[in-house]
Amino acid sequence: KLLCRLYEPTEGEILLNGININEYQYEDYVEHISVILQDFKLLAFPIRENIVLNREFNQELFDYAIAVSNLEEKIESLPEGADTVLFRQYDENGTEFSGGESQRVALAREIYKNGAMILLDEPTSALDALSEYKIFEALNTITRKKTSIYISHRLSSVIFCDRIIVINSGNVVEQGDHAALMEQKGEYYTLFTRQAEHY
């Protein structure tokens, strides 16, 4: 929320390219960030509008966003495809998505926005481990030339990251990539192996 400028730091500063983020014009700054927070909202609009929002429609980018988000099969199964309305409060022919499907729509929205920086806060918590792995594998490809920050308790989602920061009780306790942290056999290793037992 600090990176999104919803709050201002009470101490210290956040720099982007060496410049305090508060010095950037707010509209310009947020235009370049794609964000998925845990408490995202979907609207009682067609799926297409939930993804595109008020941006100019680009079919190629839209197709790409739903493919990476693994929504193609679901959308194709609906009678009106991407024009199917989400929820039924305004349209009795609307559709209700599961928690995991809703997360995929939110993910497609941010892929469509195509920001230079991507912030993902537990973006796949409602997905099963295999679906999560496939999405992060795709995200790893599309974010190669972007700054991407993943916040997650499910460590399978961070193995692709160039730099992992392990935080415990508000303190940074370890840093490095997946291989280096596994070699250290510290806190990350313990947490990762403990979670891996369940998959």
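The rules behind each value
- Residues numbered from 1 in each chain as written.
- Predicted model: local features only at pLDDT ≥ 70, side-chain atom pairs only at ≥ 80, totals over all residues.
- Heavy atoms only, no water.
- Helix = DSSP H or I, 4+ residues; strand = E, 2+ residues; numbered from the N terminus.
- Buried < 20%, exposed > 50% of the residue type's maximum accessible area, 1.4 Å probe, protein only.
- Pairing = 2+ DSSP bridges.
- Axes fitted to C-alpha atoms, helices over the stretch in contact; angles between N-to-C directions.
- Contact = heavy atoms within 4.5 Å.
- Salt bridge = Lys/Arg side-chain N within 4 Å of Asp/Glu carboxyl O.

Trainee: Would you mind going over the environment of V52 with me for this structure?
Mentor: Its place among the elements puts V52 in helix α2 (residues 47-52). Using a relative accessible area of 6% as the deciding quantity, one classes V52 as buried. For the pair formed by V52 and R109, sequence separation is 57 residues and the distance between their alpha carbons is 6.3 Å.

Trainee: Looking at this model, I keep getting lost on the sheet that holds strand β5 (residues 147-151). Mind explaining?
Mentor: Strand pairing in a sheet relies on backbone hydrogen bonds. The paired strands run either parallel or antiparallel. With respect to topology, three strands assemble into an open sheet ordered β3-β4-β5, the strand pairing being parallel. Among the strands making up the open sheet, the edge pair consists of β3 (33-36) and β5. The average angle at which neighbouring strand axes cross in this sheet is 5°, direction not considered. Note: strand β4 (residues 117-121) against β5, five bridges, orientation parallel. Each bridged residue has a counterpart across the sheet, and for L120 the counterpart in β5 is Y150. Packing of helix α5 (residues 99-113) onto the sheet brings it into contact with β3 and β4, and relative to β3 it is tilted by some 175°.

Trainee: Where do I start with the side chain of N50 in this structure?
Mentor: Inspection of the secondary structure puts N50 in helix α2. For N50, the residues in contact, after removing those within four places along its chain, are L42, L43, F45, L86, V105 and R109.

Trainee: Would you explain the pattern of salt bridges in this entry?
Mentor: It is possible for side chains of opposite charge to pair when their charged atoms get near one another. Scanning the entire structure with this criterion turns up three salt bridges. The salt bridge partner of R55 is E31, with a shortest N-O separation of 3.0 Å. Taken together, the residues span a long stretch of sequence, with R55 in the loop between α2 and α3 (59-68) and E31 in helix α1 (residues 26-31) at a distance of 24 residues. Since its relative accessible area comes to 28%, R55 is described here as partly exposed. Given a relative accessible area of 41%, E31 falls into the partly exposed group. Residues E101 and K74 are paired through a salt bridge, measuring 3.6 Å at the closest nitrogen-oxygen approach. Of the two residues, E101 is situated in helix α5 and K74 in helix α4 (residues 72-77); the sequence distance between them amounts to 27 residues.

Keep in mind these numbers describe shape, not what the thing actually does.
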